[in-house]
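Take a look at the letters that make up each chain.
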Amino acid sequence: MKRKEQSKASRKTAGTKTSGKRAVTLIPGDGVGREVVSAALAVIEATGVGIEWDRQVAGMNAFRRFGTPVPDALIESLKRTRVALKGPLETRVAEGWRSINVHLRRTFDLYANVRPTMNFAGVHTPFNNVDLIVVRENTEDLYAGIEHEIAPGVVESIKVITARASRRIAKFAFEYARAHRRKSVTAIHKANIMKLSDGLFLKCARAVSNNYKEIRYQEQIVDAACMRLVTQPESFDVLLLENLYGDIVSDLCAGLVGGLGLVPGANYGDKGAIFEAVHGTAPDIAGKGVANPIAMILSSAMMLDYLGHRAAGDRIRGATASVLRVGKVLTRDVGGKASTGEVTAAIVRAMSRG
């Protein structure tokens, strides 16, 4: 079933083991991060999979303690374990440090961001047939952060697109589609305007598609794709996007299925991976115990897949789908009144019954 999918690319999971347990870096994050990460840990524990957590801080919590949002200890931990489960980290708007998420992805060359997006029975949305995968290039585009002031009141931001990164992410998307028996890959672009940069991205995607004749290759301009997503989301399967478009479109897709609280995320490279929910720190509800933990829980299931514990990941996905389907224990963002802890407990109970 498509709900059980995971990326088989980048499954090099060598890392430190002590006492027979796989070492994984744990980054609780800022805002609601600690609450939803704690929920994921409880669910992982219920699977019986043994993990040695190397707890590290980043973001605002790290800045307050160490004067930097990315401490050296965090980088050293990630170099050692190569795998992390991460909560959301604060990124200030128009001030402060650059995105830590972007920094970590680029530092460890986690070039492929994967966000499975699908409907769950019990979560009422205008659509009932959404089942798509967003594959986003993670290392360049406008997120390269190359910007400067040319003159007072005039700022230039440079978009970087390379053939190497474009071919690499296209191959990842097609390999994912082949591994999970997906039928099509759609490259999303704005090459009608950015003929060189987005044009290069398309040329690379087209070239790679020639090696996967069994998978239908399509292209769509990004604005037209957004309209089509909110009118005919079932017409998409795997979406292949540059960095900025991928960031925007993945959130749009989350809105189709009930919101960011339901969508997991993973960042894959050739030598490691970081798993994270796609939502932000939600400071308005932090500490109130009402955050939806499902995105983080499903992200942890993707992590277990990556570590070779597919059966445990399937148990988590099955139990989560069961709780949503019953619809009695839901957080308020999806129409319920339950707390973070109550949803977590319900999923753990469903796992024991399964």
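Structural data are supplied above this passage.
Residues numbered from 1 in each chain as written. Predicted model: local features only at pLDDT ≥ 70, side-chain atom pairs only at ≥ 80, totals over all residues. Heavy atoms only, no water.

Draft legend 1. Structural detail: the environment of Phe 174. With respect to the helices and strands, Phe 174 occurs in helix 5 (residues 163–179). For the pair Phe 174 and Thr 320, spaced 146 residues apart in the sequence, the C-alpha separation amounts to 28 Å. In contact with Phe 174, other than residues within four places in its own chain, are Val 185, Ala 205, Val 208, Ser 209, Tyr 212, Ile 215 and Tyr 217. (Helix = DSSP H or I, 4+ residues; strand = E, 2+ residues; numbered from the N terminus. Contact = heavy atoms within 4.5 Å.)

Draft legend 2. Seen up close, the pattern of salt bridges. Enumeration according to the criterion identifies 19 salt bridges in this entry. Between Lys 159 and Glu 242 there is a salt bridge whose closest N-O contact spans 3.0 Å. With Lys 159 in the loop between strand 8 (154–157) and helix 5 and Glu 242 in the loop between strand 11 (238–241) and helix 8 (243–256), this pair connects stretches of sequence that are 83 residues apart. Judged by its relative accessible area of 1%, Glu 242 is buried. For Arg 317, the salt bridge is made with Asp 314, and the minimal N-O distance between the two is 2.8 Å. Taken together, the residues Arg 317 and Asp 314, both in helix 10 (residues 310–326) and 3 residues apart, mark about one turn of the helix. Taking the relative accessible area as the measure of exposure, Arg 317 reaches 11% and is therefore buried. (Salt bridge = Lys/Arg side-chain N within 4 Å of Asp/Glu carboxyl O. Buried < 20%, exposed > 50% of the residue type's maximum accessible area, 1.4 Å probe, protein only.)

Draft legend 3. Seen up close, helix 6 (residues 197–209). Taking 1.5 Å per residue as the helical rise, helix 6 with its 13 residues ought to reach 18 Å, and the 19 Å between its terminal C-alpha atoms agrees with that figure. All of the buried residues along helix 6 are Ser 197, Asp 198, Gly 199, Phe 201, Leu 202, Cys 204, Ala 205, Val 208 and Ser 209. Contact partners of the buried residues in helix 6: helix 5, strand 9 (184–189), strand 10 (216–221), strand 11 and helix 8. (Expected span 1.5 Å × (residues − 1).)

Draft legend 4. Representation of the side chain of Thr 340. Within the secondary structure, Thr 340 sits in helix 11 (residues 340–353). Residue Thr 340 is classed as buried on the basis of its relative accessible area, which comes to 5%. There is a polar contact of 3.5 Å between the side chain of Thr 340 and the backbone nitrogen of Val 290. Setting aside residues no more than four positions away along its own chain, Thr 340 makes contact with Glu 35, Ala 39, Gly 289, Val 290, Ala 291 and Pro 293. (Polar contact = N/O pair within 3.5 Å; in protein donor to acceptor, adjacent residues only side chain to side chain.)

Draft legend 5. Highlighting the packing of helix 9 (residues 294–306) against helix 10. The geometry of helix 9 relative to helix 10 is characterised by a closest axis approach of 7 Å and an angle of 160° between their N-to-C directions. Relative to helix 10, helix 9 is oriented roughly antiparallel. The chirality of how helix 9 crosses helix 10 is left-handed. Along the contact surface, helix 9 presents Ile 294, Ile 297, Leu 298, Ser 300, Ala 301, Met 302, Leu 304 and Asp 305, while helix 10 presents Arg 310, Ala 312, Gly 313, Ile 316, Arg 317, Thr 320 and Leu 324. In the contact of helix 9 with helix 10, the residues fall into 9 nonpolar, 3 polar and 3 charged. (Axes fitted to C-alpha atoms, helices over the stretch in contact; angles between N-to-C directions. Parallel < 35°, antiparallel > 145°, perpendicular 65-115°, else oblique. Left-handed = near helix turned anticlockwise from the far one by under 90°. Nonpolar A, V, L, I, M, F, W, Y, C, P; charged D, E, K, R; others polar.)

Draft legend 6. Focus on the nonpolar core. Among the nonpolar cores identified, the biggest contains 73 residues, and Leu 85, Phe 172, Leu 240, Tyr 268, Phe 275, Met 303 and Ile 347 are the most heavily contacted of them. In terms of residue count, the dominant contributor to this core is helix 9 (10 residues). Counting 20 residues, the second largest nonpolar core, distinct from the first, contains Val 130, Ile 188, Phe 236 and Leu 241. (Core = buried A, V, L, I, M, F, W, Y, C linked by side-chain atoms within 4.5 Å.)

Draft legend 7. Seen up close, the pairing of strand 5 (residues 112–118). The element strand 5 is largely enclosed, with a buried count of 7 among its 7 residues. Burial along strand 5 is two-sided: Ala 112, Val 114, Pro 116 and Met 118 and Asn 113, Arg 115 and Thr 117, pointing in opposite directions, are all buried. In this structure, strand 5 lies alongside strand 6 (residues 131–137), joined through 7 bridges in antiparallel fashion. When the sheet's bridge partners are listed, Ala 112 is paired in strand 6 with Glu 137. With 3 bridges joining them, strand 5 and strand 12 (residues 264–268) adopt antiparallel strand pairing. Bridged to Asn 113 within strand 12 is Asn 267. (Pairing = 2+ DSSP bridges.)

Draft legend 8. Examining the packing of aromatic side chains more closely. A full pass over the atoms with the stated rule returns 7 aromatic pairs. One aromatic cluster is present, formed by Tyr 111, Phe 172, Tyr 268, Phe 275 and Tyr 306 through successive ring pairs. The lysine or arginine in question, Arg 228, covers the ring of Phe 236, its NZ or CZ lying 4.3 Å from the ring centre. (Phe/Tyr/Trp six-rings, centres within 6.5 Å; stacked < 30°, edge-to-face > 60°. Lys NZ or Arg CZ within 6 Å of the ring centre and 35° of its normal.)

Draft legend 9. Looking closely at the packing of helix 7 (residues 222–229) against helix 8. Where helix 7 contacts helix 8, the axes come no closer than 10 Å and their chain directions differ by 10°. Considered as vectors, helix 7 and helix 8 are oriented roughly parallel to each other. Of the residues in helix 8, those touching helix 7 at Val 222, Cys 226 and Leu 229 are Tyr 245, Val 249, Leu 252, Cys 253 and Leu 256.

Draft legend 10. Representation of empty space enclosed by the protein. This structure, assessed with the given rule, holds 1 cavity of 30 Å³ or more. What the largest cavity holds in volume is close to 30 Å³. The wall of the largest cavity is formed by Ile 27, Pro 28, Gly 29, Arg 34, Gln 56, Val 57, Ala 58 and Asn 61. Its residues assigned to classes, the lining of the largest cavity comprises 4 nonpolar, 3 polar and 1 charged. (1 Å grid on protein atoms, 1.4 Å probe; cavity = no way out; pocket = protein on both sides within 12 Å on 5 of 7 lines; lining within 4 Å. Points joined across faces, edges and corners; volume = space filled by probe spheres on them.)

Everything listed here is a matter of geometry and, on its own, says nothing about what the molecule does.
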